[in-house]
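Chain by chain, the residues:
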Amino acid sequence: MDASASSAEQPEAPAANLNKAEAESYLQSLINKTLRVYTTDARLFVGTFKCTDPQSNLVLSLTHEYRQPSQQKLLEAAAASLESDTLRAEMTSRYLGLVVVPGEHIVKIEVEEFVSQMKNRSILGRPDIYASA
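Residues numbered from 1 in each chain as written. Predicted model: local features only at pLDDT ≥ 70, side-chain atom pairs only at ≥ 80, totals over all residues. Heavy atoms only, no water.

(A) The arrangement of the pairing of strand β3 (residues 58-67) in detail. Sheet analysis places strand β2 (residues 44-52) next to β3, joined by 7 bridges and oriented antiparallel. Bridge pairing in β3 links Val 46 to His 64. Between the antiparallel neighbours β2 and β3 lie 5 residues, among them Ser 56 with a positive phi of about 70°. Bridge count for β3 against strand β4 (residues 92-101) is 8 bridges, and the pairing is antiparallel. (Pairing = 2+ DSSP bridges. Helix = DSSP H or I, 4+ residues; strand = E, 2+ residues; numbered from the N terminus.)

Here it is, written out as structure tokens:
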């Protein structure tokens, strides 16, 4: 994340203004939910959130890793789509299982859920910490 970016440019995280008890409750509400974790090396991990620690490391189970296509794959895709206006290159993926994602390398975390799940959630009677869809 860019250190020079102002808070007005970046959306505020739901747990940013919570006290310790609320933050713990929020983290507990995420246990066993599917998270998308973006890292500093442009990888994406999609897995089931199991736990965290004081260093913000995340443990995910049933995890898939996704990588951006290599330069060679992008060049091949560009050569194949000379007649088209769009370039399509697939991300590389692999199944990892149980992983620990170091907190220092986490750029962004997203909760993967359906609209029906978003309508039914509540934490400590504070629906204001969730953006409505």
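(B) Inspection of the pattern of salt bridges at higher detail. Under the counting rule described, the total for this entry stands at 7 salt bridges. Close ionic contact of Glu 65 with Arg 43 constitutes a salt bridge, the shortest N to O distance being 2.8 Å. Taken together, the residues Glu 65 in strand β3 and Arg 43 in the loop between β1 (34-39) and β2 connect sequence positions 22 residues apart. By relative accessible area, which is 21% here, Arg 43 ends up partly exposed. Between Arg 94 and Glu 65 there is a salt bridge, and its shortest N-O distance comes to 2.5 Å. On the criterion of sequence distance, the pair formed by Arg 94 in strand β4 and Glu 65 in strand β3 is long-range, its members being 29 residues apart. Relative accessible area serves as the criterion here: at 45%, Arg 94 is assigned to the partly exposed category. The exposure class assigned to Glu 65 is buried, which follows from its relative accessible area of 1%. The structure contains a network of salt bridges with shared partners spanning Asp 41, Arg 43, Glu 65, Arg 67 and Arg 94. (Salt bridge = Lys/Arg side-chain N within 4 Å of Asp/Glu carboxyl O. Buried < 20%, exposed > 50% of the residue type's maximum accessible area, 1.4 Å probe, protein only.)

These results come straight from atomic positions and should not be treated as a statement about function.
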